[in-house]
Amino acid sequence: MVDRLPSFHRRLPKYSARKYVSWATIFAAFIIFLSIRSRFPGQFSSEMRISTSWGGRKSVEQVLTSAKPRQETGHFTILVTGAAGFIGFHVSAALKQRGDGVVGLDNFNDYYDPSLKRARQERLNGIGIFVVEGDINDSNMLRELFKIVKFTHVMHLAAQAGVRYGLKNPTSYIHSNVAGFVAILEACKSANPQPAIIWASSSSVYGLNSKKPFSETDRTDQPASLYAATKKSGEEIAHAYNHIYGLSITGLRFFTVYGPWGRPDMAYFFFTKDILERTPITIFEGRDQETVARDFTYIDDIVKGCLAALDTAENSTGSGGKKKGKAQLRVFNLGNTSPVTVKKLVRTLERLLKVKAKKKVEPLPVNGDVSFTHADISYAKKELSYRPKTDLESGLKKFVDWYMEYYDSGFGKDLHSR
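From a predicted model like this one, the values you see are computed outputs, not experimental measurements.

Please explain the overall build of the protein as it appears in this structure.
If you tally the helices and strands in the protein, you get 13 helices and 13 strands. Each of the 418 residues in the protein was classed as buried or not, and the buried ones make up 53%. Put simply, 80% of the contacts in the protein that link residues at least 6 apart link residues at least 24 apart. Here the protein has roughly 20,400 Å² of accessible surface; of this, 52% comes from carbon and sulfur atoms.

Below, the structure is given as C-alpha cells:
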C-alpha cells in the first residue's frame, strides 16, 4: 500500500486484486468503528486504540456498556481499582445498584486464593459490571482505558494488603502501593477532564502513635510496618499531585474491615476456619500482657463512607495535566470507634459457631503489628455524615452465615481444604 495518495493530475496506477481487497478490508474496519462510536456518543477518543490483552473489540464494548450510568444525569461514571477485592467488590456493587456506571480493574494476584476473587468477579458480572483484568502499573492499558471512557471519578482500592506479608515480599508493597498509585495519578492528571480520586489509605499510618483515639491531625511519621510506610507515602504523594496538577483527592483510612466475602488473611476469617477444623489458634498479647484490640468496622458501614466521600468530592481543577486552580484534598478515618479485644472476637466466634476454640497465647511479635487501633470519626461524621451502625456480634453473625453458605456450596472448596 502506498504511503500517500497519488496527485489528481496523474493517471491512477493499476493495482492488483490483492491491493483492492486490502483497501476494502481497511474501509470495512473503519465503518465498523464508526458504527460502534455512534452507539456510544462522547465516549470514544479519536486517538483510541484497542488493547488485544482485553480480548479485542468485544471487551471494549463490555467496558462501554459497564461504564454507562442508568440515566444520563445525576449519576457518575467510576473506575474502581481492586474491584475483585473485598472492599472493591462491595463498593462496586453498591455504586451499580444506585445507578452509577462502574468499570472494575483487578490483576487477580495470588496473595490469597484467587478463586475467591473470581467468585466476586462472577457476582459483579451478573449485575452488569465488567472487570478489566490488568495491572495498575500498566500505563499503556490505563491510557487506553481513560481514552475509551471519560471517568468522572476513580475509586482507587487496589493495593498490596497485609502487615506481616511485608517481611516476605517487601517489593510487592512498593510495586502496588507506591508505583501503582503513581500510575493511577498519572493517568488521572493527564485525562481531560480530570476525574476526582477517592483512595484507600489505612489506619496503619498511625503506627506507633499512642494517643487514643486516633485523629486525622495526629502524627503519622512513625510507621510500624512497611505496609504502613507505603500508605503514608501514598498520602504524601497525593498531596504533591493535588498541589501540582489540581487533582481532587480524598484519602480514606480504613480500620480493620470485616464481613461477608472478606479476606482470608484477616484474623476473623482464618480464626473461623481454624475453629471449625479444631485447629489451635494463636492469640497475641502486647507488652506486659497488654490486650491486643482492633477497631473492627463492618463492610456495609465502610461502603457508606466510601460513597459519601465520592458524593462530596469536588471536581478536579486541572486539564490535560495543567493545574487551573486550588483543588480539594481530604483524609478521613473510617472506623467503628469501638475497639474490641481479640479475645472478645474469639469468644464471639465460639458462640456463633457453637464450637470451643483451641487457643494458645503468645507475645505479639515484632512484625509490624500494633497493639491497638481506635478511630476518632468526628471529622467523617461532620463532612460525610458517617455513622457506623453495626456492632461486632451482628457483623460477625452475617459473616459466619455467609462463610457457612459459601463453603458448603463448594465455591470455596480449595481454600477450605488447606
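What follows picks up the thread again.
Can you help me understand the pairing of strand 1 (residues 77-81) in this one?
Across a regular strand the side chains alternate sides, sitting on one face of the sheet and then on the other. In terms of residue burial, strand 1 counts as a mostly covered element, since 5 of its 5 residues are buried. What you see with strand 1 is no split at all: Thr77, Leu79 and Thr81 on one side and Ile78 and Val80 on the other are buried throughout. Handedness of the strand 1-helix 3 (residues 86-97)-strand 2 (residues 101-106) crossover: right-handed.

Please clarify how the nonpolar core should be interpreted in this entry.
Nonpolar side chains tend toward joint burial in soluble globular proteins. Ranked by size, the top nonpolar core spans 76 residues in total, and within it Ile87, Val91, Met155, Phe254 and Tyr268 carry the most contacts. Those residues in contact with Tyr268 that sit more than four places away from it in its chain are Phe86, Val257, Tyr258, Gly259, Gly262, Arg263, Leu345, Leu349, Leu396 and Phe399. By size, the runner-up hydrophobic cluster in this structure holds 34 residues, among which are Ala67, Phe146, Ile148 and Cys188.

Before we go on, may I ask you to explain the pattern of salt bridges in this structure?
A side chain with one charge can pair with a side chain of the opposite charge if their charged atoms come near. With the rule as written, the count across this model stands at 14 salt bridges. Between Arg98 and Asp100 there is a salt bridge, with its nearest N and O atoms 2.5 Å apart. For Arg98, a relative accessible area of 27% translates into the label partly exposed. A salt bridge links Arg219 to Asp221; the shortest N-O distance between them is 2.8 Å.

What am I meant to see in the confidence of the model for the protein here?
Fine structural detail should not be taken from predicted coordinates in areas where pLDDT scores are low. The pLDDT averaged across the protein works out to 86; a share of 83% of its residues lies at or above 70. Counting interchain partners and residues more than four positions distant, the pLDDT-below-50 stretch residues 1-52 has 41 contacts. Note that pLDDT drops below 50 for residues 414-418; the model gives that stretch 12 contacts with residues more than four away or on any other chain.

Would you explain the packing of helix 10 (residues 342-353) against helix 12 (residues 392-408) in this entry?
A pair of packed helices can be characterised by two numbers: the angle between their axes and the separation between those axes. Between helix 10 and helix 12, the shortest axis-to-axis distance is 10 Å and the interhelical angle comes to 50 degrees. Classified by the angle their axes make, helix 10 and helix 12 are oblique. The chirality of how helix 10 crosses helix 12 is right-handed. Residues Leu345, Thr348, Leu349, Arg351, Leu352 and Leu353 of helix 10 form the contact with helix 12, whose participating residues are Leu392, Glu393, Leu396, Lys397 and Val400.

What exactly am I supposed to notice about unusual backbone geometry here?
A cis amide bond links Asn192 to the next residue, Pro193, at an omega of 5 degrees. In this fold, Pro193 is placed in the loop between helix 6 (170-190) and strand 5 (196-200). With an omega of -15 degrees, the peptide bond running from Lys212 to Pro213 counts as cis. Take Pro213: it is sitting in the loop between strand 5 and helix 7 (226-245). The phi angle at Thr256 is positive, at roughly 35 degrees, despite the residue not being glycine. Mapped onto the elements of the fold, Thr256 is located in the loop between strand 6 (249-254) and strand 7 (257-258).

Looking at this structure, how should I read empty space enclosed by the protein?
Summed over the entire model, instances satisfying the criterion amount to 1 cavity of 30 Å³ or more. Considered as a void within the structure, the largest cavity measures approximately 40 Å³ in volume. Every residue lining the largest cavity is listed: His156, Ala158, Ala159, Ser176, Asn177, Phe181, Trp199 and Lys231. Looking at the lining of the largest cavity element by element, the count peaks at 3 residues for helix 6. Here the lining of the largest cavity is built from residues that sort into 4 nonpolar, 3 polar and 1 charged.

It is not clear to me how the environment of Ala228 should be interpreted in this structure. Could you clarify?
Considering the arrangement of structural elements, one finds Ala228 in helix 7. Placed 67 residues apart in sequence, Ala228 and Ala161 show a C-alpha to C-alpha distance of 9.8 Å. Those residues in contact with Ala228 that lie beyond four places of it in its chain are Ser204, Val205 and Pro223.

Explain the side chain of Ser172 to me, please; I cannot follow it from the model alone.
Along the chain, Ser172 falls in helix 6. Using a relative accessible area of 12% as the deciding quantity, one classes Ser172 as buried. Reaching out from Ser172, the side chain makes a polar contact with the backbone oxygen of Asn169 at a distance of 2.7 Å. When sequence neighbours within four positions are dropped, the list of residues in contact with Ser172 reads Gln160 and Tyr165.

How should the packing of aromatic side chains be read in this particular structure?
Between two aromatic rings, the relevant description is the distance of the centres plus the angle of the planes. Evaluation of the coordinates by the stated rule reveals 31 aromatic pairs. Each ring, one from Phe269 and one from Trp402, has its centre 6.1 Å from the other, and the planes form 65 degrees; the classification is edge-to-face. Of this pair, Phe269 sits in helix 8 (residues 267-276) while Trp402 sits in helix 12; the two residues are 133 residues apart in sequence, bridging distant segments of the chain. Each member of the pair, Phe269 together with Trp402, is buried. Here the aromatic rings of Phe270 and Phe271 are separated by 5.3 Å at their centres, their planes lie at 85 degrees, and the arrangement is edge-to-face. The class of Phe270 is partly exposed, set by a relative accessible area of 28%.

Is there a simple way to explain the sheet that holds strand 2 in this structure?
In a beta sheet, neighbouring strands are held together by backbone hydrogen bonds and run either parallel or antiparallel to one another. The strand order 3-2-1-4-5-6-11 describes an open sheet built from 7 strands, whose pairing is parallel. The open sheet has two free edges, formed respectively by strand 3 (130-133) and strand 11 (329-334), since each of these has just one partner strand. Here the strands of the sheet are splayed against their neighbours by 20 degrees on average, with no regard to which way each runs. Bridge count between strand 4 (residues 153-156) and strand 5: 4 bridges; the pairing is parallel. Among the inter-strand pairings, His153 is bridged to a residue of strand 5, identified as Ala196.

What counts as what
Residues numbered from 1 in each chain as written. Predicted model: local features only at pLDDT ≥ 70, side-chain atom pairs only at ≥ 80, totals over all residues. Heavy atoms only, no water. Helix = DSSP H or I, 4+ residues; strand = E, 2+ residues; numbered from the N terminus. Buried < 20%, exposed > 50% of the residue type's maximum accessible area, 1.4 Å probe, protein only. Contact = heavy atoms within 4.5 Å. Areas by Shrake-Rupley, 256 points an atom, 1.4 Å probe, with all protein chains shown as cover. Right-handed = clockwise from strand over helix to strand, strands pointing away. Core = buried A, V, L, I, M, F, W, Y, C linked by side-chain atoms within 4.5 Å. Salt bridge = Lys/Arg side-chain N within 4 Å of Asp/Glu carboxyl O. pLDDT = per-residue confidence, 0-100. Axes fitted to C-alpha atoms, helices over the stretch in contact; angles between N-to-C directions. Parallel < 35°, antiparallel > 145°, perpendicular 65-115°, else oblique. Left-handed = near helix turned anticlockwise from the far one by under 90°. 1 Å grid on protein atoms, 1.4 Å probe; cavity = no way out; pocket = protein on both sides within 12 Å on 5 of 7 lines; lining within 4 Å. Points joined across faces, edges and corners; volume = space filled by probe spheres on them. Nonpolar A, V, L, I, M, F, W, Y, C, P; charged D, E, K, R; others polar. Polar contact = N/O pair within 3.5 Å; in protein donor to acceptor, adjacent residues only side chain to side chain. Phe/Tyr/Trp six-rings, centres within 6.5 Å; stacked < 30°, edge-to-face > 60°. Pairing = 2+ DSSP bridges.

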